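# Descriptive analysis of the structure
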Amino acid sequence: VFSHVARAPEDPILGVTVAYNKDSSPVKLNLGVGAYRTEEGKPLVLNVVRKAEQQLVNNRSRVKEYLPIVGLAEFNKLSAKLIFGVDSPCIRDNRVTTVQCLSGTGSLRVGGEFLTRHYHQRIIYIPVPTWGNHPKVFTLAGLSVKSYRYYDPITRGLDFKGLLEDLDSAPSGAIVLLHACAHNPTGVDPSIQQWEQIRQMIRSKGLLPFFDSAYQGFASGNLDKDAQSVRMFVADGGECIVAQSFAKNMGLYGERVGALSIVCKTADVAGKVESQLKLVIRPMYSNPPIHGASIVAAILRDRTLYDEWTIELKAMADRIISMRHQLFNALRDRDTPGDWSHIIKQIGMFTFTGLNVRQVSFMTREYHIYMTADGRISMAGLSSSTVSHLADAIHAAVTH
Ligand code: PMP
């Protein structure tokens, strides 16, 4: 009965790893997937995560019962404080509802499904380009996806004029997806002044901001700084939605731990919204997993662990920034044609190199370097010992 099923293509991002795994070259390099690696090229479990896990194991009274539909209450509270700030007016006034979801992706999906059911304007604007899963998540959630200009390939910076024009012509009430920081894949973020103009445009047009916060702490190494964009939209008293992921900043990728927050005008509305979120979640996966959320709660609740986390987080962010400088210097040393300053200007885990599809496939074929077809490389997958191989490959790709 299934013989008619056609083979689907690999996921454009996760498929890069599939191809990488099949390559037997000793110099192969995976710069496709956005996961942190150490200088030795190994995945990293943070020390503070190990400590928190040890606490959990030692606690004999811990059981593996189901969590409530909305997840671990303490995790939800602490996640909201992390993104909105401890003294946030929305927390003080009890007008935000936060529910634990399956990492960033699950939070986006639950948010999308809620909006389809309960929001009058089912159009969501996403930036061009954006994380490849965004259009699929929101389309399947029932929203109609449109796009706004974001990246200018000529300046390799923000197309700010295009962005404002597109938001200005969006229908009233439309949802706008914004990357809170460390925009994926471009590494280009608005300045604080530009965020303020974006905020004014969104509020004056009555648009609904939906933040995707997958890299808090990874952009600058400072958790509060990376949450500034979101906090501006809470400070003005308006509504906003935030999908949070702990995959990158706590290295909890496979634990699937994240949160969806919906900031409302009043506590009464927030309570009603939460009751409806439960109706979205229950038939989808009933309730979220307990382990990752318990780790996050253990770290966020304890001053010592929290401080240790921020140090480890900063070390990850700093290693990525150092990789940017090393790659930039290596290309300069080779006199590689072109302006490569965007490598050190861009923010977060990725560099949007500007390499085209042909150059990318050349680098994969000749140098066994794997990356997404749009020329995005994960700086976190690079180390001092592999920079020269990558620089050789880029040099050859642009000169051959
Ligand atoms: N949003 C963006 C922009 C991302 O880059 C990612 C991860 N690549 C996610 C959301 C979701 O990640 P996860 O579901 O693993 O938290």
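About the thresholds
Counting from 1, residues in each chain are numbered in the order their sequence is written. Totals for whole chains, interfaces and linings use all residues, but because this is a predicted model, local features are given only for residues with pLDDT of at least 70 and pairs of side-chain atoms are given and counted only at 80 or more. A pair of strands is considered paired only if DSSP assigns at least 2 bridges between the two. A helix here means a DSSP run of H or I that spans at least four residues, while a strand means a run of E at least two residues long, and both kinds are numbered starting from the N terminus. Helix axes are fitted only over the stretch in contact, all axes being lines through C-alpha atoms; the angle between N-to-C directions runs from 0 to 180 degrees. Each domain's limits were defined by an automated method or a database of domain assignments. Each residue is assigned to one class: nonpolar for Ala, Val, Leu, Ile, Met, Phe, Trp, Tyr, Cys and Pro, charged for Asp, Glu, Lys and Arg, and polar for all the others, Gly among them. Partly exposed residues are those falling between the two cut-offs: more than 12 but fewer than 20 other C-beta atoms within 10 Å of their own, whereas 20 or more means buried and 12 or fewer means exposed, with C-beta atoms placed from the backbone. Arc, as used here, means the arc of the directions from the helix axis to the C-beta atoms. Remark: residues whose backbone-derived C-beta atoms lie within 7 Å of one another are considered to be in contact. UniProt positions are given in the numbering used here, feature names are shortened, and annotations may be inferred rather than shown by experiment. In predicted models, pLDDT denotes the confidence assigned by the predictor to each residue on a 0 to 100 scale. Nearness is defined per residue: the C-beta atom, placed using the backbone, must lie within 6 Å of the molecule or strand. Here the term right-handed applies to a crossover when the path leading from its first strand over the helix to its second strand runs clockwise, the strands being oriented away from the viewer. Residues of type Ala, Val, Leu, Ile, Met, Phe, Trp, Tyr and Cys that are buried and joined through C-beta atoms within 7 Å form what is called a nonpolar core. Each crossing is labelled by how the near helix is turned from the far one, with a counterclockwise turn of less than a right angle marking it left-handed and a clockwise turn marking it right-handed. Here the expected span of a helix is defined as 1.5 Å times the quantity of residues minus one. An angle counts as roughly parallel when it lies under 35 degrees, as roughly antiparallel when it exceeds 145, as roughly perpendicular when it falls between 65 and 115, and as oblique in every other case.

What follows is about the sheet that holds strand β4 (residues 144-149). Taken together, the 7 strands give an open sheet; going across it, the order is β2-β10-β9-β8-β7-β3-β4, and neighbouring strands pair in mixed fashion. Among the strands making up the open sheet, the edge pair consists of β2 (96-102) and β4. Going from strand to strand, the sheet's axes swing by 25° on average, the running direction of each strand aside. Relative to strand β8 (residues 208-213), strand β7 (residues 175-179) runs parallel, the two being bridged by 5 bridges.

A few words now on the domain arrangement of the chain. Segmentation of the chain into domains returns domain 1 (14-44 + 318-399) and domain 2 (66-301). Of note, the centres of domain 1 and domain 2, computed from C-alpha atoms alone, are 29 Å apart. In terms of residues, the side of domain 1 that touches domain 2 owes the most to one element, strand β11 (residues 350-352), which gives 3 residues. When the residues that make up the side of domain 1 that touches domain 2 are grouped by side-chain class, the tally is 7 nonpolar, 6 polar and 3 charged.

So, on to helix α7 (residues 160-168). Looking only at α7, the buried set comprises Leu163, Asp166 and Leu167. The arc that holds every buried residue of α7, seen down its axis, measures 95°, which confines them to one face. Residues of α7 that are exposed and point over 90 degrees away from its buried face: Lys161 and Asp168. Residues of α7 that are buried make contact with β4, β6 (157-158), β7 and α8 (192-204).

So, about the UniProt feature "domain: Aminotransferase class I/classII large" (unreviewed entry) in the chain. Annotation from UniProt places "domain: Aminotransferase class I/classII large" (unreviewed entry) at residues 28-394. With 45% helix and 16% strand, the stretch residues 28-394 has end C-alpha atoms that lie 14 Å from each other.

Attention now moves to the confidence of the model for the chain. For any part of a model where pLDDT is low, the fine detail of the predicted coordinates should not be relied upon. Mean pLDDT over the chain stands at 96; residues scoring 70 or higher make up 100%. Listed scores for the predicted complex are pTM 0.96 and ipTM 0.99.

Taken together, 13 residues lie around the ligand, and Ser103, Gly104, Thr105, Ala214 and Ser245 are the ones closest in. Residue contributions to the shell around the ligand peak at 3 residues, all from helix α5 (residues 103-118). Residues belonging to the shell around the ligand are distributed by class as follows: 4 nonpolar, 8 polar and 1 charged.

With that settled, the discussion passes to the pairing of strand β9 (residues 240-245). Extensive coverage of β9 is indicated by the burial of 6 of its 6 residues. In this sheet, β9 lies alongside β8 in parallel orientation, the contact comprising 4 bridges. Among the inter-strand pairings, aspartate 212 is bridged to a residue of β9, identified as alanine 243. Each parallel crossover has a hand, and for β8 linked through helix α9 (residues 228-235) to β9 it is right-handed.

To continue, consider the nonpolar core. Residues Tyr125, Val176, Phe211, Val230 and Val296 are the most contacted members of the largest nonpolar core, which totals 120 residues. There are two domains that each give this core at least three residues, and those are domain 1 (14-44 + 318-399) and domain 2 (66-301). Discounting residues that sit within four places of it in the chain, valine 176 has contacts with Tyr125, Leu167, Ile202, Leu207, Leu208, Pro209 and Phe210.

Turning next to the environment of valine 360. Note that valine 360 resides in helix α14 (residues 357-367). With 21 C-beta atoms counted inside 10 Å, the residue valine 360 sits in the buried group. With 33 residues separating them along the chain, valine 360 and alanine 393 place their C-alpha atoms 9.5 Å apart. Apart from the residues lying within four places of it in its own chain, the contact partners of valine 360 are Leu355, Met371, Ala373 and Gly375.

Position of glycine 15 among the secondary structure elements: in helix α1 (residues 14-22). Put simply, glycine 15 and glycine 32 are 17 residues apart on the chain and 8.8 Å apart in space, counted from C-alpha to C-alpha.

This part is about the packing of α5 against helix α10 (residues 267-285). Axis separation between α5 and α10 bottoms out at 10 Å; the angle between their running directions is 115°. Both α5 and α10 take part in a crossing whose hand is right-handed. When α5 is examined against α10, the residues Val110, Glu113, Phe114 and His118 are found in contact with a partner set consisting of Gln276, Leu277, Val280 and Ile281. A class-by-class count of the residues in the contact of α5 with α10 yields 5 nonpolar, 2 polar and 1 charged.

Under the 1.5 Å per step criterion, the end-to-end length of helix α15 (residues 387-399) is 18 Å for 13 residues, consistent within 8% with the ideal 18 Å. Here α15 has its buried residues at Leu390, Ala391, Ala393, Ile394 and Ala397. Buried residues of α15 fall within an arc of 160° about the axis and therefore sit on the same side. In this structure, the buried residues of α15 make contact with β1 (29-30), α12 (303-333), α14 and β12 (369-370).

Right, let's get into the packing of helix α2 (residues 47-58) against α12. Viewed as axis vectors pointing N to C, α2 and α12 meet at an angle of 150°, and their least axial separation amounts to 8 Å. Comparing the axis directions of α2 and α12 gives the class roughly antiparallel. Side by side, α2 and α12 meet where Asn47, Val48, Lys51 and Ala52 of the first sit next to Leu305, Glu308, Trp309 and Glu312 of the second. Residues belonging to the contact of α2 with α12 are distributed by class as follows: 4 nonpolar, 1 polar and 3 charged.

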